[in-house]
Amino acid sequence: MFENVTSGVHDKRQSRNVGVAVCLSAFIVLLFVLTAVKIQQLGAVEGFDHAPRPALAERVDG
Amino acid sequence: MSDASLDIAPRSTSGDYEPSFGDYFALLKPRVMSLVVFTALVGLLAAPASLHPVEAFAALLFIAIGAGASGALNMWWDADIDAVMKRTAKRPVPSGRVSATDALYVGVALSLLSVMMLWLTTNALAAGLLAFTIFFYAVIYSMWLKRSTPQNIVIGGAAGAFPPMIGWVAVTGSVSVEAVLMFALIFMWTPPHFWALALFMRSDYDDAGVPMLTVTHGRRATRNHILGYTIALAALAVGAAFTSIGGPLYLAVAVIANAIFLRDAVRIWRRDETDAEADNFRVEKAFFKFSLLYLFLHFGAIWVEAVLPAGAWSGW
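Throughout what follows, the structure given in this document is the object of discussion. (Residues numbered from 1 in each chain as written. Chains lettered and ligands numbered in written order. Predicted model: local features only at pLDDT ≥ 70, side-chain atom pairs only at ≥ 80, totals over all residues.)

Right, let's get into the interface of chain A and chain B. In this assembly, 10 residues from chain A lie in contact with 8 residues from chain B. For the side of chain A that touches chain B, a count of residues per class yields 5 nonpolar, 2 polar and 3 charged. (Contact = placed C-beta atoms within 7 Å. Nonpolar A, V, L, I, M, F, W, Y, C, P; charged D, E, K, R; others polar.)

Here it is in structure tokens:
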């Protein structure tokens, strides 16, 4: 059975749901941007890519 | 900090009132949050280092949410006395728009979220200070001091004084003299601000049985205390001009603002209840209104001193 709600109650529930959705969405975006900033602050990160990297090779003189 | 909200909202007449998003938001005491955001922002900007803008925004947001969470916990605990006082009867819980249990859940959930996120965003000390602030306001002030001692607002004022210190610590990771000075400024400002409110709200605190100074020691003693604290505040506020958070601009603002504040405190001290009743507490209301501007001016000046390039008006 569907609950019989008045238009006013429906509007308030809708405003509440939209409000929560906006807050959660904003929180997710903030977390994403904050994570990107934190990672950038770590400096350049080189991952292991199965390819020779001359920069890491030991220098051989002569 | 003041939450003298006079907004008018419908009182629930039945148990089936459907709370809106705004009703839940009102649990967070938005006016108090705005003052918290401002003072915390000044703490962030005055610190001798800087955060990435995204980190600074997030830190401010979580400090504000933490302050809002403590407001929700306060509304949950004080629902009975809020319903009796005219100033607070329209709040979401006493007016029946939000249940006390919901206020508790919102308060606890946002407290945990704000502390955890401030820790991840900045550092453990800032998060610890925020957690302590929430605990201090919800437990030490609301549950204990408010109903037991006329010094409630003096000691409880510490809760409102922490935000600039948290802002400072979020940047530097440590507490310093400058952070303590900003804390002290709000701490000393709070008693005269609230006692002026207690004078013109007259019977509110009597009706609710809250042992404000006006109730336990009378209005004459309250007027004396307002003057005493205002003199001490003026000395502190002007003295801060000669520290690293001050400067010539701050000094000028502090001298003028404190001269006005002291003048009004003397006026309050000279009056008795007959004078106050005759003009409907005009001087007390003016003092209360100016106290909000007073805090804004001082922290605004600290902000300007911090962002101005070193030179004629910045620092000593």
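Before going further, it helps to examine the environment of Arg-223 of chain B. Residues and elements named next belong to chain B. Examined against the element boundaries, Arg-223 turns out to sit in helix α11 (residues 218-239). In this structure Arg-223 comes out as buried when scored by C-beta crowding, with 25 C-beta atoms within 10 Å. Along the sequence, Arg-223 and Ile-245 sit 22 residues apart, while their C-alpha atoms lie 31 Å from each other. Apart from the residues within four sequence positions on either side, Arg-223 is in contact with Ile-268 and Trp-269. (Helix = DSSP H or I, 4+ residues; strand = E, 2+ residues; numbered from the N terminus. Buried ≥ 20, exposed ≤ 12 C-beta atoms within 10 Å, placed from the backbone.)

With that settled, consider helix α6 (residues 124-144) of chain B. Residue and element names in this part refer to chain B. Remark: the principal bend of α6, roughly 35°, maps to Phe-136. When α6 is considered as a whole, its buried residues turn out to be Ala-126, Ala-127, Leu-129, Leu-130, Thr-133, Ile-134, Phe-136, Tyr-137, Ala-138, Tyr-141 and Ser-142. Looking at the buried side of α6, the elements it contacts are α3 (53-77), α5 (100-121) and α7 (152-172). (Bend = angle between axes of the 7 residues up to and from the residue.)

Turning next to unusual backbone geometry. Residue and element names in this part refer to chain B. Although it is not a glycine, Lys-29 sits at a positive phi angle of roughly 50°. By secondary structure assignment, the location of Lys-29 is in the loop between α1 (21-26) and α2 (30-46). The class for Lys-29 is buried, based on 23 C-beta atoms found within 10 Å. Despite not being glycine, Asn-280 shows a phi value in the positive range, around 55°. Structurally, Asn-280 is set in the loop between α13 (273-278) and α14 (282-307). C-beta crowding within 10 Å serves as the criterion here: with 9 such atoms nearby, Asn-280 is assigned to the exposed category.

Right, let's get into the packing of α6 of chain B against α7 of chain B. Residue and element names in this part refer to chain B. The N-to-C vectors of α6 and α7 enclose an angle of 165°; their axes lie 9 Å apart at closest approach. Relative to α7, the element α6 is oriented roughly antiparallel. Helix-helix and strand crossings are classified by hand; for α6 and α7 the assignment is left-handed. Residues Leu-125, Ala-126, Leu-129, Leu-130, Thr-133, Phe-136, Tyr-137 and Tyr-141 of α6 touch α7, and the partners they reach there are Asn-152, Gly-156, Ala-158, Ala-159, Phe-162, Met-165, Ile-166, Val-169 and Ala-170. Here the residues of the contact of α6 with α7 are counted per class, giving 14 nonpolar, 3 polar and no charged. (Axes fitted to C-alpha atoms, helices over the stretch in contact; angles between N-to-C directions. Parallel < 35°, antiparallel > 145°, perpendicular 65-115°, else oblique. Left-handed = near helix turned anticlockwise from the far one by under 90°.)

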